[in-house]
Amino acid sequence: MAKSEPLRIALAGLGTVGAGVVRLLAANGGLIAARAGRPIAISAVSARSRRRDRGVDLTPFAWEDDMAALARRGDVDVVVELVGGADGPALALARRALGAGKGLVTANKAMIAHHGMELARLADEAGAALRFEAAVAGGIPVLKGLAEGAAANRVRAIDGILNGTSNFILTRMEQTGAEFAAVLAEAQGRGYAEADPAFDIEGVDAAHKLAILAAIGFGTCLDFPGVEARGIGAVRAADIARAAALGYVVRLVAHAELVGPEEPRLFQRVAPCLVPRGHPLAAVKGATNAVAIEGDFVGRLLFEGAGAGDGPTASAVVADLVDIARGGRTPPFGLPPALLRRAARADPGERRGRSYIRFTVADRPGVLAQLTAAMRDAGVSIESLVQEGRPEEGGEVLVTMVTHEAPERAVSHALTLLEGAPDLAEPPLVMRLVD
Ligand SMILES: NC(=O)c1ccc[n+]([C@@H]2O[C@H](COP(=O)([O-])OP(=O)(O)OC[C@H]3O[C@@H](n4cnc5c(N)ncnc54)[C@H](OP(=O)(O)O)[C@@H]3O)[C@@H](O)[C@H]2O)c1
């Protein structure tokens, strides 16, 4: 195909992101054609309902009721999958498109986290492009930054705020002092949280994105099941207030690193953490996303921007299309799939650090002694211990503790010693301090 020929695309899914792509190409088509060296032209589209008004003009494009048909069309070079879901029709379409030698662009982090290796191999065999910039941190060009901008570095660590809903809730709790459930309801009302927010607030969405970042950053095989993920549902207003008194904010931090110089092992975790106020991730507020990357020569790179929304996500999708139109050949994970290393998982018990622990206990004499005895018996020394206020007679009180640096295994052991203690009203909440 001559370079000035349009890159012909098909869109599967015309929801928030799909309609955003149509709008963006209509608004900036000339500029994009100049930058890409050729126009990007939509040949065909598909969604569930043909009649639904999407606020964009679809009349110039062919319509397919069955989106699988997009992969069979002769007038399509690249299929853009914007339907969602790890499996099902999105995965079937992705396999079909790559199998037919067509390029595939997707914003689907769940599908890439689960099936990215298979799709990368399919793309490699077919000599087809596979791109998913929009799958991680929406509009932020962080995959390109990692795979291309930081290509000369050994990446040591990746830290990110990768879920806008969780970050919105945590920063709103910080600003208003309100509890999690009330802020979640507000976020749903304002359209920041889905009707079913489970993936967002339980850390699964961030885990999908972290697994993708880690594979690209470290040149390792995708290992989504290896991500330890915990969400923000147990964080209380009192934890945020206590963190503030200590000079910290609470953030849902996604962290990945390669541990050990020989036979490096992969550590991947998403969990609410105490982040010191001066840390760049502490300044990330509301639905914003940010990713910090530590490279051995470049030092720390910080990417920040909108992690969702039609405009930012469409921007990342179209950037991938521009790359393909220019003939870009970067492998989807920065290395040919056969060269991605299979790294063993690091043992979290060996990690050392300080922990914040909040206990909800019965307001009875001797309870503090039980907590400190468990810490002593597990070899964990306590840096500070605070009993928060005094509720009504016979009620529960919160006791918060910050430990000195200790192996995580020792902290877990202390909590095991306390398991089932009648004075503990609920399981303790542990948050690591990012130092
Ligand atoms: N929204 C964001 O800000 C954002 C950010 C980053 C990544 N993403 C990812 O982008 C993808 C799309 O998200 P979205 O927010 O645009 O979703 P959405 O608004 O729910 O749109 C999904 C689209 O897929 C269509 N669809 C669903 N099932 C289908 C089927 N079986 N056959 C054909 N079409 C089907 C829907 O058709 P109808 O319209 O006819 O129902 C709709 O047009 C997801 O993978 C998501 O994770 C989204």
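Everything below is about the structure printed above this text.
Residues numbered from 1 in each chain as written. Predicted model: local features only at pLDDT ≥ 70, side-chain atom pairs only at ≥ 80, totals over all residues. Heavy atoms only, no water.

## Side note on the nonpolar core
Most often, soluble globular proteins keep nonpolar side chains buried together rather than apart. Ranked by internal contacts, the top residues of the largest apolar core, which has 84 residues, are Leu119, Phe132, Val142, Ile169, Ile212, Leu213 and Phe333. Excluding residues that lie within four positions of it along the chain, Leu213 makes contacts with Val136, Val142, Leu143, Leu146, Ile158, Leu162 and Val291. Counting 35 residues, the second-largest nonpolar core is a separate cluster that includes Leu14, Ala19, Leu24 and Ala134. (Core = buried A, V, L, I, M, F, W, Y, C linked by side-chain atoms within 4.5 Å. Buried < 20%, exposed > 50% of the residue type's maximum accessible area, 1.4 Å probe, protein only. Contact = heavy atoms within 4.5 Å.)

## Things to note about the environment of Arg251
If you trace the backbone, Arg251 turns up in strand S9 (residues 248–259). Of the residues examined, Arg251 reaches a relative accessible area of 0% and is grouped as buried. Arg251 sits 84 residues away from Leu335 along the chain, and the two C-alpha atoms are 32 Å apart. Polar contacts involving the side chain of Arg251 include one to the main-chain carbonyl oxygen of Ala282, which spans 3.0 Å. (Helix = DSSP H or I, 4+ residues; strand = E, 2+ residues; numbered from the N terminus. Polar contact = N/O pair within 3.5 Å; in protein donor to acceptor, adjacent residues only side chain to side chain.)

## Section: the side chain of His208
Note that His208 resides in helix H8 (residues 204–218). His208 has contacts with Lys109, Ala110, Ala113, His114, Phe199 and Phe224, leaving out every residue within four places of it along the chain.

## Quick word on the pairing of strand S5 (residues 103–106)
Every other side chain in a regular strand lies on the same face of the sheet, so the side chains alternate between the two faces. Burial of the side chains of S5 extends over both faces: Gly103 and Val105 are buried on one face and Leu104 and Thr106 on the other. Relative to S5, strand S4 (residues 78–81) runs parallel, the two being bridged by four bridges. Pairing of Val78 across the sheet is with Gly103, part of S5. Crossover handedness for the path S4 to helix H2 (residues 88–99) to S5: right-handed. Strand direction decides the pairing type here: S5 and strand S6 (residues 130–131), joined by two bridges, are parallel. Paired with Val105 across the bridge in S6 is Arg131. Following the chain from S5 across helix H3 (residues 109–126) to the adjacent parallel S6, one finds a crossover that is right-handed. (Pairing = 2+ DSSP bridges. Right-handed = clockwise from strand over helix to strand, strands pointing away.)

## Focus: the layout of surface pockets
One number sums up the size of the largest pocket: a volume of about 1500 Å³. Every residue lining the largest pocket is counted, 48 residues in all, and those nearest its centre are Thr16, Val17, Val83, Lys109 and Glu194. Secondary-structure elements contributing two or more residues to the lining of the largest pocket are helix H1 (16–36), H3, helix H5 (164–176), helix H7 (198–201), H8 and strand S11 (288–295). In terms of residue class, the lining of the largest pocket is made up of 18 nonpolar, 19 polar and 11 charged. Approximately 490 Å³ is the volume attributed to the second largest pocket. (1 Å grid on protein atoms, 1.4 Å probe; cavity = no way out; pocket = protein on both sides within 12 Å on 5 of 7 lines; lining within 4 Å. Points joined across faces, edges and corners; volume = space filled by probe spheres on them. Nonpolar A, V, L, I, M, F, W, Y, C, P; charged D, E, K, R; others polar.)

## So, the environment of Glu257
Among the secondary structure elements, Glu257 is positioned in strand S9. As for Glu257 and Val397, which are separated by 140 residues in sequence, their C-alpha atoms are 37 Å apart. If we ignore the near neighbours within four places in the chain, the residues touching Glu257 are Arg156, Ala157, Phe218, Arg265, Leu266, Phe267 and Arg351. In terms of polar contacts, Glu257 uses its side chain to reach the side chain of Arg351, at 3.3 Å.

## Some details on helix H6 (residues 180–189)
Within H6, the full set of buried residues consists of Phe180, Val183, Leu184 and Ala187. For H6, the angular spread of the buried residues around the axis is 105°, confining them to a single face. For H6, exposure combined with an orientation more than 90 degrees from the buried face picks out Ala181 and Gly189. Backbone geometry just after H6 places Gly191 at a positive phi near 80°. (Arc of directions from axis to C-beta.)

## Describing unusual backbone geometry
Backbone geometry at Ala137 places phi at a positive 60°, although glycine is not the residue there. Summarising the element assignment, Ala137 is placed in the loop between S6 and helix H4 (142–149).

## Comments concerning the site of the ligand
In the region of the ligand, 22 residues are neighbours, and Leu14, Ser49, Arg52, Arg54 and Gly309 sit closest. In this structure, an oxygen atom belonging to the ligand sits 2.7 Å away from a main-chain N or O atom of Ser49. Between the ligand and Gly309 there is a distance of 2.7 Å, counted from an oxygen atom to a backbone nitrogen or oxygen. Relative to its unbound accessible surface of 900 Å², the ligand loses 77% to contact with the protein. If you map the ligand onto the pockets, it falls in the largest pocket. (Near = heavy atom within 4 Å. Areas by Shrake-Rupley, 256 points an atom, 1.4 Å probe, with all protein chains shown as cover. Sits in = over half its atoms within 2 Å of the grid points.)

## Describing the sheet that holds S5
Taken together, the six strands give an open sheet; going across it, the order is S3-S2-S1-S4-S5-S6, and neighbouring strands pair in parallel fashion. Both outer strands of the open sheet, strand S3 (62–63) and S6, are each paired with one neighbouring strand and no more. Bridge count between strand S2 (residues 40–46) and S3: two bridges; the pairing is parallel. In the sheet register, Val45 faces S3, and the bridge partner there is Trp63. The strands touched by H2 within the sheet are strand S1 (7–12), S4 and S5, with S4 carrying the most contacts at an inclination of about 165°. (Axes fitted to C-alpha atoms, helices over the stretch in contact; angles between N-to-C directions.)

## Quick look at the pattern of salt bridges
In total, this model carries 30 salt bridges according to the counting rule given. Across the pair Arg269 and Glu228 runs a salt bridge, and its minimum N-O distance is 2.9 Å. Taken together, the residues Arg269 in strand S10 (residues 265–276) and Glu228 in strand S8 (residues 228–229) connect sequence positions 41 residues apart. Among the residues examined, Arg269 registers a relative accessible area of 10% and is labelled buried. Overall, the relative accessible area of 34% leaves Glu228 in the partly exposed class. Among the ionic pairs, Asp347 bridges to Arg409, the shortest N-O distance being 2.4 Å. Of this pair, Asp347 sits in the loop between helix H10 (310–325) and strand S13 (352–353) while Arg409 sits in helix H12 (residues 408–418), placing them 62 residues apart in sequence. Since its relative accessible area comes to 29%, Asp347 is described here as partly exposed. Through salt bridges with shared partners, a single network forms among Glu228, Glu257, Arg269, Arg351, Glu408 and Arg432. (Salt bridge = Lys/Arg side-chain N within 4 Å of Asp/Glu carboxyl O.)

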